[in-house]
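Structural characterization, general
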Amino acid sequence: MHWIAWPCPQPVEPRPPSAHAPGVAGAEPSLHAHALAGGAPAAAPAWQTVQGAEAWWALRFTPRVARVDEALLLEVSTTERLWGGRAALLAQLQAHAPAIQPGIAPEALSTAGFASGVNAFQAPPAPLAQGATSFQALALLRLQQAGLRPPRRVPHDLPLHTLTALRPHVASLARMGCNTWGQLRALPRDGVARRLGAAALHALDCAFGDAPHTHTWLELPETFALAAELPALATSADALLWSAHALLQALQAWLQARQQGVLALELAWHHDLRKVDGKPVPPWQALPVRTAQPTQALAHLRRLLAEHLARTPLAAPVNQIALRALQTVPMPQASASLLPPAGVVGRSAEDHARSESWHQLVERLSARLGPERVQGVALVADHRPERMQHWQPASHALQAGGAGPAKASASQVLPDASLWPTWLLRPPQRLAVQGSRPCYQGPLRLLAGPHRLEAAWWEAAGATESPPNACGADPAPGLVVRDYFVAHNERAGHVWVFRERTPSAPPGAEGGLPTRQHRWFLHGIYG
């Protein structure tokens, strides 16, 4: 396992937006949000704080994220390969980690800085530490933040105060001459357990990797509702937009982690004054914003809020803001193309000249290599798994009007298609039978089925002889009669098998042929 420790302060206890208006009638949070969502004020969401949402961005890189003391711990051994290796993952973490302080409303910044969306006070990337266990990474991070160099032998020479469970005992252990993890581990375990307690000993075992970690993994809330206190009163739309930037960053992290796109959101702000020039001021003011298409783009949402805030005057100075997602929908990620992209902003004229479409690539390769060497898959209306598709020259498909691989619509997908395997054997493999059970690396247990298949009887009419099909001999030329099952055993895993149903000889047939035993075949593998 490989752990990364990232500095992240503990979140403060979230306070709902309505807490700023005690004793004021009608001071409900986000009234416009309830109206758009069709809910009642009693069904208000569980409000989070920006400090509590600072860790959401890490869930994009690994699902194993935990808050421990003043750090954020990420276990990346199972996901670093997906990001191109450990070095590439660390670069991505440094690039996407939040580097600004949340909830800042810098009144001194110029209006041009707000309009451009550039953070002039953006801090450098936060330091990180790595270790074989989460406690080792956390200890190295604490040494780094204290300006101390890591010891030569890790974890044996790490100071005791870098492990949270040992901090209450540092002074007493130092009087005994015990100052490092390794020295404490060398002491008799029974005596350490009696003096320090089982919890401290268990923490030391976890730090050395001798015991599993028991962290509580970070989970995203089901709905997005975030509130932030402003350290200074915001008196302009530009300052309010700057303060909302941290909330928009948290919204983007929440959307990316849940693979959602936002269609409607609402920014609400709480007024610091109850009256202005003798006129009562409502406790809350809200601004709903809708998008035409689901989006995760932070810059686009910021521009929309900027345009709406420019036309919305503030009734009084603002001391708290809240952002809520009113409507979100699943946002599937588009598959990237292997071809050089055309029409991308920022590419040179030479790059655009070298770009080519799918049909241009197929035509060029077919002319260079020959049509038979550039194949494309075509779907066939046949129930036999081995006949549902066939390969043909890709140039023929283009001439027939197909611009790319054929796709089946949702109405054409069979109900049991989810049980079909990823790989098919060609030809199917004959299986041994033990009693009435098929055997493949041991007896198989049938989990699902049968899915009965009777097809290709139309091929029997034009057949002059009885050629065997892919599975051997069939009861009639071209006829396929099978029962498909999903089977499993401990050695083979899940496999797709079928039983070849062979009917007995018809009544009165010459010779009175006996009934043949059903044969079993392995046709597909899941994996």
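Each remark here, short or long, concerns the structure printed above.
Before going into details, it helps to say that this report is about the structure given with it. As the structure is a prediction and not an experimental result, all values here were calculated from the model. (Residues numbered from 1 in each chain as written. Predicted model: local features only at pLDDT ≥ 70, side-chain atom pairs only at ≥ 80, totals over all residues. Heavy atoms only, no water.)

Moving on to the packing of aromatic side chains. What the rule picks out here adds up to eight aromatic pairs. Consider the rings of Phe 61 and Trp 83, whose centres lie 4.8 Å apart with planes at 45 degrees: the pair is tilted. A residue pair is termed long-range when its members are at least 10 positions apart, and Phe 61 in the loop between strand 2 (48-49) and strand 3 (65-68) and Trp 83 in the loop between strand 4 (71-75) and helix 2 (86-96) qualify at 22 residues. Relative accessible area serves as the criterion here: at 2%, Phe 61 is assigned to the buried category. Where Phe 498 meets Phe 521, the ring centres are 5.3 Å apart and the plane angle is 20 degrees; that geometry is what we call stacked. (Phe/Tyr/Trp six-rings, centres within 6.5 Å; stacked < 30°, edge-to-face > 60°. Helix = DSSP H or I, 4+ residues; strand = E, 2+ residues; numbered from the N terminus. Buried < 20%, exposed > 50% of the residue type's maximum accessible area, 1.4 Å probe, protein only.)

Note on placement: His 215 falls in the loop between helix 8 (198-208) and strand 6 (225-234). Among the polar contacts listed, one links the side chain of His 215 to the side chain of Ser 134, at a separation of 2.8 Å. Filtering out sequence-adjacent residues up to four positions away, His 215 remains in contact with Trp 3, Ala 66, Val 68, Leu 73, Ser 134 and Phe 135. (Polar contact = N/O pair within 3.5 Å; in protein donor to acceptor, adjacent residues only side chain to side chain. Contact = heavy atoms within 4.5 Å.)

Moving on: the sheet that holds strand 19 (residues 519-525). Picture the strands of a sheet paired through backbone hydrogen bonds; they go either parallel or antiparallel. Ordered in space as 15-14-19-18-17-16, the six strands form an open sheet in which the pairing is antiparallel. Every interior strand has two partners, whereas the edge strands, strand 15 (437-439) and strand 16 (445-455), have only one. The mean angle between the axes of side-by-side strands here comes to 35 degrees, regardless of whether they run parallel or antiparallel. The pairing of strand 14 (residues 423-434) with strand 19 spans five bridges and is classified as antiparallel. When the bridges of strand 19 are listed, Leu 424 appears paired with Gly 524. (Pairing = 2+ DSSP bridges. Axes fitted to C-alpha atoms, helices over the stretch in contact; angles between N-to-C directions.)

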